Amino acid sequence: MYYAYLLNKGIQVGLKFNIFQASENLSSELGTIPEDVDLYYIAPQLGLCHKINEKWTFETMAGFGYMHYGSQSKVDDVERECSRGLLGSNFDLTITRHLFKHIHLGAGISLMGGQTSKLNEKMDGVDETIKLEKSDKIKLLRTDFVIPVRCML
């Protein structure tokens, strides 16, 4: 979700906020490990808005902001929590069609990502920072295909 304000005919500023959550069961030699993953992202946005003609508008938005990664799992009745705050980025492309006086409908793609080589781990009441090897880095990439409905005031 993001909010945008058109500064003039071509430049817009805004704020983007995303929440993503997933649950999975991992198989290992220890058995099945349930894991929950949370991803939060908030960033200021800067973009361009180009009116193609009376009915069509093309928009881009980009931003850099705070991303939070967290996971909770349980191995042999021992709870493990990992988390890390990191720098994330996003880029959105959208094309919209003017339908009514202030209503636009469109289609677009949104990319968001970041990575970290460290994790804060809490297990058995012990907190520690884990430095991840190059092949074990947490790499986050999310792609959304969107159908925006916009109200232009």
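Since the structure is predicted, the reported quantities are computational estimates derived from the model, not experimental observations.

## Here's the deal with the nonpolar core
Met67, Tyr69, Leu119, Ile138 and Leu140 are the most contacted members of the largest nonpolar core, which has 13 residues in total. Looking at this core, the elements with two or more residues in it are strand 3 (31–51), strand 4 (56–75), strand 5 (78–98) and strand 9 (138–146). No other element matches the four residues that strand 3 contributes to this core. In contact with methionine 67, other than residues within four places in its own chain, are Leu39, Tyr40, Tyr41, Arg84, Gly85, Leu86, Gly88, Met112, Gly113, Gly114 and Leu140.

## Things to note about the layout of surface pockets
Its boundaries defined by the atoms lining it, the largest pocket holds a volume of some 690 Å³. The wall of the largest pocket is formed by 22 residues, among which Leu6, Gln12, Cys151, Met152 and Leu153 lie closest to the centre. Those elements giving two or more residues to the lining of the largest pocket turn out to be strand 1 (2–6), strand 3, strand 4 and strand 10 (149–151).

Rules used in this analysis
- Residues numbered from 1 in each chain as written.
- Predicted model: local features only at pLDDT ≥ 70, side-chain atom pairs only at ≥ 80, totals over all residues.
- Heavy atoms only, no water.
- Core = buried A, V, L, I, M, F, W, Y, C linked by side-chain atoms within 4.5 Å.
- Buried < 20%, exposed > 50% of the residue type's maximum accessible area, 1.4 Å probe, protein only.
- Helix = DSSP H or I, 4+ residues; strand = E, 2+ residues; numbered from the N terminus.
- Contact = heavy atoms within 4.5 Å.
- 1 Å grid on protein atoms, 1.4 Å probe; cavity = no way out; pocket = protein on both sides within 12 Å on 5 of 7 lines; lining within 4 Å.
- Points joined across faces, edges and corners; volume = space filled by probe spheres on them.

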